[in-house]
Amino acid sequence: MKLIAVGDNVTDCYVDDNVYYPGGNAVNVVVNSQRDGAEKTAYIGIFGNDENAHWIQECLANEGIDTSRSRKVYAHSAQPKVLLRDGDRVFVAGKRDSCQHLFSIHLVSEDLDIIKEFDICHTSCYSNMEYELPTLAQVCDISFDFSDKHDSKYLERVCPYITYAFFSGSNLDEEGCKNLLKLAADKGAKICGVTRGAKGSIFYDGKTFYTQGILKTEVIDTMGAGDSFIAGFLTNYVDTKNMEEALSFAAAKAATTCRIHGGFGYPHPMTE
(Lines give C-alpha, C1' and ligand atoms only; values in the text may rest on other atoms or scores of the structure.)
Protein backbone atom coordinates (compact mmCIF):
# COMPACT_ATOMS: atom_id res chain seq x y z
CA MET A 1 0.00 0.00 0.00
CA LYS A 2 1.19 3.50 -0.90
CA LEU A 3 -0.17 6.46 1.08
CA ILE A 4 0.27 10.20 0.75
CA ALA A 5 -1.18 12.62 3.32
CA VAL A 6 -2.10 16.18 2.42
CA GLY A 7 -2.95 18.62 5.18
CA ASP A 8 -2.26 19.69 8.71
CA ASN A 9 0.89 19.68 10.79
CA VAL A 10 1.09 21.09 14.32
CA THR A 11 3.14 20.88 17.47
CA ASP A 12 1.07 19.61 20.39
CA CYS A 13 2.28 21.59 23.40
CA TYR A 14 2.06 19.68 26.69
CA VAL A 15 1.99 22.60 29.09
CA ASP A 16 2.36 20.53 32.28
CA ASP A 17 5.58 18.95 30.99
CA ASN A 18 6.87 22.01 29.08
CA VAL A 19 7.48 19.93 25.93
CA TYR A 20 5.90 19.74 22.50
CA TYR A 21 5.47 16.87 20.05
CA PRO A 22 5.00 16.81 16.27
CA GLY A 23 1.43 16.06 15.32
CA GLY A 24 -1.63 16.88 13.28
CA ASN A 25 -4.01 14.35 11.78
CA ALA A 26 -2.32 14.14 8.37
CA VAL A 27 1.18 13.89 9.86
CA ASN A 28 0.16 11.27 12.42
CA VAL A 29 -1.53 9.10 9.80
CA VAL A 30 1.36 9.15 7.33
CA VAL A 31 4.01 8.43 9.99
CA ASN A 32 2.03 5.53 11.40
CA SER A 33 1.35 4.15 7.95
CA GLN A 34 5.09 4.16 7.28
CA ARG A 35 5.71 2.37 10.58
CA ASP A 36 2.95 -0.13 9.77
CA GLY A 37 4.73 -1.24 6.62
CA ALA A 38 3.41 0.96 3.82
CA GLU A 39 5.42 0.47 0.65
CA LYS A 40 5.69 4.21 -0.02
CA THR A 41 4.68 7.36 1.89
CA ALA A 42 4.78 11.12 1.40
CA TYR A 43 3.37 14.27 2.96
CA ILE A 44 2.33 17.60 1.46
CA GLY A 45 1.67 20.35 3.98
CA ILE A 46 2.33 23.97 4.85
CA PHE A 47 5.27 24.57 7.17
CA GLY A 48 5.93 27.74 9.11
CA ASN A 49 9.33 29.34 9.47
CA ASP A 50 9.78 28.78 13.21
CA GLU A 51 11.66 26.24 15.32
CA ASN A 52 8.53 24.12 15.70
CA ALA A 53 8.24 23.67 11.93
CA HIS A 54 11.90 22.71 11.67
CA TRP A 55 11.35 20.05 14.35
CA ILE A 56 8.33 18.58 12.56
CA GLN A 57 10.32 18.37 9.32
CA GLU A 58 13.28 16.79 11.08
CA CYS A 59 11.03 14.14 12.65
CA LEU A 60 9.36 13.36 9.32
CA ALA A 61 12.76 13.00 7.64
CA ASN A 62 13.85 10.67 10.42
CA GLU A 63 10.75 8.52 9.76
CA GLY A 64 11.50 8.36 6.03
CA ILE A 65 8.58 10.53 4.91
CA ASP A 66 9.04 12.46 1.65
CA THR A 67 8.01 16.11 2.17
CA SER A 68 9.52 17.56 -1.02
CA ARG A 69 6.21 18.98 -2.33
CA SER A 70 5.37 20.82 0.91
CA ARG A 71 5.14 24.62 1.12
CA LYS A 72 6.91 27.01 3.48
CA VAL A 73 5.45 30.33 4.61
CA TYR A 74 6.40 33.18 6.91
CA ALA A 75 4.15 32.35 9.84
CA HIS A 76 4.40 30.36 13.04
CA SER A 77 3.26 26.76 13.37
CA ALA A 78 -0.05 25.86 14.98
CA GLN A 79 0.62 25.14 18.65
CA PRO A 80 -2.47 23.70 20.37
CA LYS A 81 -2.03 23.35 24.11
CA VAL A 82 -2.60 19.94 25.63
CA LEU A 83 -3.50 18.93 29.18
CA LEU A 84 -3.38 15.30 30.28
CA ARG A 85 -6.12 14.17 32.62
CA ASP A 86 -5.79 10.51 33.70
CA GLY A 87 -4.10 9.70 30.39
CA ASP A 88 -6.75 11.41 28.25
CA ARG A 89 -5.67 14.48 26.30
CA VAL A 90 -7.65 17.69 26.61
CA PHE A 91 -7.04 20.42 24.04
CA VAL A 92 -6.91 24.11 24.82
CA ALA A 93 -7.18 26.24 21.69
CA GLY A 94 -4.06 28.19 20.76
CA LYS A 95 -3.71 31.34 18.64
CA ARG A 96 -5.52 31.21 15.32
CA ASP A 97 -2.95 33.17 13.32
CA SER A 98 -0.71 30.20 12.52
CA CYS A 99 0.22 28.93 9.07
CA GLN A 100 -2.50 26.28 9.43
CA HIS A 101 -5.13 28.97 9.92
CA LEU A 102 -3.88 31.57 7.42
CA PHE A 103 -3.07 29.40 4.39
CA SER A 104 -4.56 26.57 2.34
CA ILE A 105 -2.88 24.29 -0.18
CA HIS A 106 -3.72 24.81 -3.83
CA LEU A 107 -2.86 21.66 -5.74
CA VAL A 108 -1.12 22.16 -9.09
CA SER A 109 -0.47 19.66 -11.86
CA GLU A 110 2.97 18.78 -10.45
CA ASP A 111 1.33 17.79 -7.15
CA LEU A 112 -1.30 15.69 -8.91
CA ASP A 113 1.34 13.89 -10.97
CA ILE A 114 2.90 12.74 -7.70
CA ILE A 115 -0.36 12.00 -5.86
CA LYS A 116 -1.55 9.68 -8.64
CA GLU A 117 1.39 7.37 -7.83
CA PHE A 118 -0.27 6.49 -4.50
CA ASP A 119 -3.16 4.20 -3.62
CA ILE A 120 -4.59 6.52 -0.96
CA CYS A 121 -4.53 10.26 -0.34
CA HIS A 122 -5.45 10.98 3.29
CA THR A 123 -6.72 14.34 4.47
CA SER A 124 -9.18 15.67 7.05
CA CYS A 125 -11.56 18.36 8.21
CA TYR A 126 -8.55 20.10 9.80
CA SER A 127 -6.71 20.48 6.50
CA ASN A 128 -8.80 23.00 4.51
CA MET A 129 -8.83 20.66 1.51
CA GLU A 130 -12.56 20.32 0.90
CA TYR A 131 -12.45 22.47 -2.24
CA GLU A 132 -9.73 20.24 -3.74
CA LEU A 133 -11.60 16.95 -3.26
CA PRO A 134 -13.21 16.86 -6.75
CA THR A 135 -9.76 17.19 -8.31
CA LEU A 136 -8.11 14.72 -5.94
CA ALA A 137 -10.81 12.12 -6.57
CA GLN A 138 -9.84 12.03 -10.25
CA VAL A 139 -6.31 10.77 -9.50
CA CYS A 140 -6.48 8.79 -6.22
CA ASP A 141 -8.79 7.16 -3.67
CA ILE A 142 -9.36 9.59 -0.80
CA SER A 143 -9.42 8.85 2.93
CA PHE A 144 -11.04 11.59 5.01
CA ASP A 145 -11.18 12.07 8.78
CA PHE A 146 -14.33 13.97 9.76
CA SER A 147 -13.48 13.93 13.48
CA ASP A 148 -16.72 14.97 15.21
CA LYS A 149 -18.20 16.83 12.22
CA HIS A 150 -21.38 14.84 11.65
CA ASP A 151 -23.79 17.37 10.13
CA SER A 152 -25.57 16.30 6.97
CA LYS A 153 -24.61 19.32 4.86
CA TYR A 154 -20.90 18.78 5.50
CA LEU A 155 -21.20 15.08 4.64
CA GLU A 156 -23.06 16.02 1.47
CA ARG A 157 -20.16 18.27 0.49
CA VAL A 158 -17.41 15.71 1.17
CA CYS A 159 -18.73 12.15 0.81
CA PRO A 160 -19.32 12.08 -2.97
CA TYR A 161 -15.55 12.27 -3.51
CA ILE A 162 -14.14 9.92 -0.89
CA THR A 163 -13.60 6.21 -0.55
CA TYR A 164 -12.87 5.99 3.19
CA ALA A 165 -14.75 8.04 5.79
CA PHE A 166 -13.64 8.10 9.43
CA PHE A 167 -15.57 9.68 12.31
CA SER A 168 -15.07 10.18 16.04
CA GLY A 169 -18.18 9.19 17.94
CA SER A 170 -17.52 8.45 21.60
CA ASN A 171 -20.68 10.43 22.42
CA LEU A 172 -22.89 8.32 20.14
CA ASP A 173 -24.73 5.13 21.02
CA GLU A 174 -24.65 2.14 18.67
CA GLU A 175 -27.79 3.19 16.82
CA GLY A 176 -26.44 6.71 16.38
CA CYS A 177 -23.19 5.35 14.96
CA LYS A 178 -24.99 3.12 12.47
CA ASN A 179 -27.23 5.95 11.33
CA LEU A 180 -24.18 8.17 10.77
CA LEU A 181 -22.41 5.46 8.78
CA LYS A 182 -25.48 4.83 6.64
CA LEU A 183 -25.75 8.56 5.96
CA ALA A 184 -22.12 8.79 4.87
CA ALA A 185 -22.52 5.74 2.62
CA ASP A 186 -25.74 7.07 1.11
CA LYS A 187 -23.90 10.28 0.22
CA GLY A 188 -21.09 8.44 -1.56
CA ALA A 189 -18.42 7.10 0.80
CA LYS A 190 -17.54 3.44 0.21
CA ILE A 191 -16.04 2.34 3.57
CA CYS A 192 -17.19 4.22 6.68
CA GLY A 193 -16.09 3.88 10.29
CA VAL A 194 -16.68 5.42 13.71
CA THR A 195 -14.05 5.14 16.43
CA ARG A 196 -15.58 5.38 19.90
CA GLY A 197 -12.66 5.48 22.35
CA ALA A 198 -13.01 2.80 25.02
CA LYS A 199 -16.16 1.49 23.31
CA GLY A 200 -14.25 0.31 20.25
CA SER A 201 -15.32 0.98 16.67
CA ILE A 202 -18.10 0.27 14.19
CA PHE A 203 -17.53 0.06 10.42
CA TYR A 204 -19.84 -0.26 7.43
CA ASP A 205 -19.12 -1.22 3.82
CA GLY A 206 -22.54 -0.42 2.42
CA LYS A 207 -23.86 -3.90 3.16
CA THR A 208 -22.53 -5.17 6.48
CA PHE A 209 -21.71 -3.62 9.86
CA TYR A 210 -18.52 -4.71 11.64
CA THR A 211 -17.57 -4.10 15.27
CA GLN A 212 -14.13 -4.06 16.84
CA GLY A 213 -13.36 -3.84 20.54
CA ILE A 214 -10.32 -2.17 22.05
CA LEU A 215 -7.20 -4.02 23.16
CA LYS A 216 -6.62 -3.58 26.87
CA THR A 217 -3.35 -1.81 27.52
CA GLU A 218 -1.67 0.67 29.82
CA VAL A 219 -2.91 4.10 28.79
CA ILE A 220 -0.27 6.80 29.17
CA ASP A 221 -1.60 9.23 26.57
CA THR A 222 -4.48 8.87 24.07
CA MET A 223 -3.04 11.51 21.72
CA GLY A 224 -3.03 10.19 18.16
CA ALA A 225 -4.66 6.84 18.97
CA GLY A 226 -7.47 7.47 16.48
CA ASP A 227 -4.96 8.50 13.82
CA SER A 228 -2.99 5.31 14.47
CA PHE A 229 -6.21 3.36 14.04
CA ILE A 230 -6.86 5.01 10.67
CA ALA A 231 -3.30 4.37 9.50
CA GLY A 232 -3.38 0.75 10.62
CA PHE A 233 -6.73 0.12 8.99
CA LEU A 234 -5.76 1.66 5.65
CA THR A 235 -2.34 0.02 5.52
CA ASN A 236 -3.83 -3.41 6.12
CA TYR A 237 -7.16 -3.15 4.31
CA VAL A 238 -5.83 -1.81 0.99
CA ASP A 239 -3.58 -4.86 0.72
CA THR A 240 -5.88 -7.56 2.15
CA LYS A 241 -9.46 -6.31 1.55
CA ASN A 242 -10.24 -8.24 4.76
CA MET A 243 -12.34 -6.05 7.08
CA GLU A 244 -11.97 -8.14 10.23
CA GLU A 245 -8.21 -8.47 9.85
CA ALA A 246 -7.79 -4.76 9.13
CA LEU A 247 -9.87 -3.72 12.16
CA SER A 248 -7.95 -6.05 14.47
CA PHE A 249 -4.65 -4.72 13.12
CA ALA A 250 -5.84 -1.13 13.57
CA ALA A 251 -6.95 -1.72 17.16
CA ALA A 252 -3.52 -3.13 18.03
CA LYS A 253 -1.81 -0.09 16.53
CA ALA A 254 -4.07 2.30 18.46
CA ALA A 255 -3.25 0.46 21.69
CA THR A 256 0.47 0.83 20.98
CA THR A 257 0.09 4.59 20.55
CA CYS A 258 -1.70 4.86 23.91
CA ARG A 259 1.52 3.65 25.57
CA ILE A 260 3.62 6.65 24.44
CA HIS A 261 3.42 10.41 24.80
CA GLY A 262 2.47 12.46 21.74
CA GLY A 263 1.09 11.26 18.44
CA PHE A 264 4.25 9.28 17.65
CA GLY A 265 6.90 10.45 20.10
CA TYR A 266 9.74 12.97 19.58
CA PRO A 267 9.44 15.32 22.58
CA HIS A 268 11.07 18.74 22.24
CA PRO A 269 11.51 21.33 25.03
CA MET A 270 9.20 24.31 24.76
CA THR A 271 11.12 27.55 24.36
CA GLU A 272 8.29 30.00 24.99
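Residues numbered from 1 in each chain as written. Predicted model: local features only at pLDDT ≥ 70, side-chain atom pairs only at ≥ 80, totals over all residues. Heavy atoms only, no water.

Focus: the nonpolar core
Counting residues in hydrophobic clusters, the biggest one holds 42 residues, and the most contacted among them are Tyr 43, Tyr 164, Phe 203, Phe 233 and Leu 234. Broken down by secondary-structure element, the contributors of at least two residues to this core are strand 1 (2-7), helix 1 (25-35), strand 4 (40-47), helix 2 (51-62), strand 10 (164-168), helix 8 (225-240) and helix 9 (243-257). The dominant element in this core, judged by the number of residues it contributes, is helix 8, at eight residues. Among the nonpolar cores identified, the runner-up in size contains 40 residues, and Ile 4, Phe 118, Ala 184 and Cys 192 belong to it. (Core = buried A, V, L, I, M, F, W, Y, C linked by side-chain atoms within 4.5 Å. Buried < 20%, exposed > 50% of the residue type's maximum accessible area, 1.4 Å probe, protein only. Helix = DSSP H or I, 4+ residues; strand = E, 2+ residues; numbered from the N terminus.)

Let's talk about the pairing of strand 3 (residues 19-23)
For strand 3, the buried fraction is high: five of the five residues fall into the buried class. The alternating pattern of strand 3 places Val 19, Tyr 21 and Gly 23 on one face and Tyr 20 and Pro 22 on the opposite face, and all of these are buried. Examined bridge by bridge, strand 3 and strand 14 (residues 268-269) share two bridges and lie antiparallel to one another. Within the sheet, the bridge partner assigned to Tyr 20 lies in strand 14 and is His 268. (Pairing = 2+ DSSP bridges.)

Side note on empty space enclosed by the protein
One pass over the full model with this rule turns up one cavity of 30 Å³ or more. Together, Gly 7, Asp 8, Ile 46, Gln 100, Phe 103, Ser 104, Ile 105, Ser 127 and Asn 128 line the largest cavity. Its residues placed into classes, the lining of the largest cavity shows three nonpolar, five polar and one charged. (1 Å grid on protein atoms, 1.4 Å probe; cavity = no way out; pocket = protein on both sides within 12 Å on 5 of 7 lines; lining within 4 Å. Points joined across faces, edges and corners; volume = space filled by probe spheres on them. Nonpolar A, V, L, I, M, F, W, Y, C, P; charged D, E, K, R; others polar.)

Let's talk about the side chain of Thr 11
Following the sequence through the fold, Thr 11 ends up in strand 2 (residues 10-14). On the basis of relative accessibility, which here comes to 0%, the residue Thr 11 falls in the buried class.

Some details on helix 7 (residues 174-186)
In an α-helix, one turn spans 3.6 residues, which is why side chains three or four residues apart end up on the same side. The terminal C-alpha atoms of helix 7 lie 18 Å apart, and with 13 residues this matches the ideal 18 Å at 1.5 Å per residue to within 8%. Within helix 7, the full set of buried residues consists of Cys 177, Leu 180, Leu 181, Ala 184 and Ala 185. All buried residues of helix 7 lie within an arc of 135 degrees about the axis, which places them on one face of the element. Relative to its buried face, helix 7 has exposed residues pointing more than 90 degrees away, namely Glu 175 and Asp 186. Buried-residue contacts for helix 7 involve helix 6 (152-158), strand 10, strand 11 (191-195), strand 12 (201-204) and strand 13 (209-212). Where helix 7 terminates, the next one or two residues include Gly 188, which has phi positive at roughly 130 degrees. (Expected span 1.5 Å × (residues − 1). Arc of directions from axis to C-beta. Contact = heavy atoms within 4.5 Å.)

Considering the sheet that holds strand 13
Pairing in this open sheet of nine strands is mixed, and the strands run 5-4-1-8-9-10-11-12-13 from one edge to the other. Both outer strands of the open sheet, strand 5 (71-72) and strand 13, are each paired with one neighbouring strand and no more. Direction of pairing for strand 1 relative to strand 8 (residues 120-124): parallel, over a ladder of three bridges. Note on strand 8: the bridge partner recorded for Ala 5 is His 122. Against the sheet, helix 8 touches strand 1, strand 8, strand 9 (141-147), strand 10, strand 11 and strand 12, its axis set at about 155 degrees to strand 10. (Axes fitted to C-alpha atoms, helices over the stretch in contact; angles between N-to-C directions.)

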